[in-house]
Amino acid sequence: MGSFKMGPALLLLALCVAGVLCNDEQDAYASRQRRVPMESKNDDKERKFSGRIVGGTELEEPLPYLLSLRDSGHHICGASIISATHALSAAHCQNPPSDLERLTLLGGTTQRTDDASGIVFQVDKVVTHPEFVQKTYLNDVAIIRSSTSFLDHPGLAIVPIATELYNLKVNSIATVSGWGLTAQDSNLAPTLRTVNIPITSYSKCVAKWRPVRIVKTAICAGHPGRDSCNGDSGGPLLQNGTQIGLVSWGADRCGSEYPGIYTYIGNTDIRKFILENSGV
């Protein structure tokens, strides 16, 4: 890989996908993605990484716990079912907040744009972590409540979430899924995708990202060519059937040598917030 130099500031990557997405849909998800820009001395090497669930595969069957968080019917982030009426997502997915009447959750489908193939739930409450810090993405977690039960539908199910006692091992494999971009400067994936990625040690992650701060509520995961990307925010990171994290942020060139950053559910502060606001 060529060497990289960090950009001067942490900026949201506002991807323009002209000719592929309408402005409303583009604005709905792009305004809620955080990607740190990088500069490469070797553009040819950097271009080989596409911006999506990188290196993943399409799923033929829906994941019973996975949801699409939607604003006015447009996908903005991923989410996961953690109780009969509560879903888990990222705080930055509601920063800026949406009007509640516009927020829905779509489950039971692999198709991002086909509401008819899945089940739509109206959101009636959103609680973001009161100490979420936009500058660093500390405490990047939110609880989203549905007005009706997910469990009224046999194709949907609760995903177990990690406790503070979870034994997280470096280099162990986890799985992330979502409808993120299918190619750099292209469109969101029409069909759900998934990829297996290794957990990166916190110390190596901090060293790689320096001077960008990696907060205590984060874990790092990824490998060159395997990553989450724009549009995957808030989606679940699973290991052995347990959700251990959710997509928070990463490099603007997804699939690079910079690990993706995930909110760690086993963190004490994150776990306390989830319990207090969902009972889980």
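Described below are features of the structure shown in this document. Treat the numbers as computed from the prediction; the structure is a model and nothing was measured.

## Digging into unusual backbone geometry
Following N95, the chain continues into P96 via a peptide bond in cis, with omega recorded as 10°. Mapping P96 onto the fold places it in the loop between β7 (86-89) and β8 (103-107). Residue P211 is bonded to the preceding R210 through a cis peptide linkage, with omega at 15°. Structurally, P211 is set in the loop between α3 (202-209) and β13 (218-221). In this model, S72 sits at a positive phi of 55°, which is unusual for a non-glycine residue. In this fold, S72 is placed in the loop between β5 (66-71) and β6 (74-81). In this structure S72 comes out as partly exposed when scored by relative accessible area, which is 42%.

## Focus: the pairing of strand β14 (residues 236-239)
Where burial is concerned, the two faces of β14 agree: the one with P236 and L238 and the one with L237 and Q239 are both buried. Bridge analysis of strand β11 (residues 173-178) against β14 gives 2 bridges, and the strand direction is antiparallel. The residue bridging V176 from the neighbouring strand is L237, located in β14. Two successive antiparallel strands, β14 and strand β15 (residues 242-251), enclose a turn made up of 2 residues, where N240 displays a positive phi of approximately 55°.

## A word on the environment of G241
Structurally, the position occupied by G241 is in the loop between β14 and β15. For G241, a relative accessible area of 44% gives the class partly exposed. Residues G241 and V159, spaced 82 residues apart in sequence, show a C-alpha to C-alpha distance of 7.4 Å. With residues up to four places along the chain from it excluded, the contact list for G241 reads V159 and P160.

## Considering the packing of aromatic side chains
In the structure shown here, the tally under the stated rule is 4 aromatic pairs. With a centroid separation of 4.9 Å and an interplanar angle of 65°, the aromatic rings of W209 and W249 are classed as edge-to-face. Remark: W249 occurs in strand β15 and W209 occurs in helix α3; sequence separation between them is 40 residues. A ring pair is formed by W209 and Y258, whose centres lie 4.8 Å apart and whose planes are at 55°; its orientation type is tilted. Placement of W209 in helix α3 and of Y258 in the loop between β15 and β16 (260-264) is noted, with a sequence separation of 49 residues between them.

Parameters and conventions
Residues numbered from 1 in each chain as written. Predicted model: local features only at pLDDT ≥ 70, side-chain atom pairs only at ≥ 80, totals over all residues. Heavy atoms only, no water. Helix = DSSP H or I, 4+ residues; strand = E, 2+ residues; numbered from the N terminus. Buried < 20%, exposed > 50% of the residue type's maximum accessible area, 1.4 Å probe, protein only. Pairing = 2+ DSSP bridges. Contact = heavy atoms within 4.5 Å. Phe/Tyr/Trp six-rings, centres within 6.5 Å; stacked < 30°, edge-to-face > 60°.

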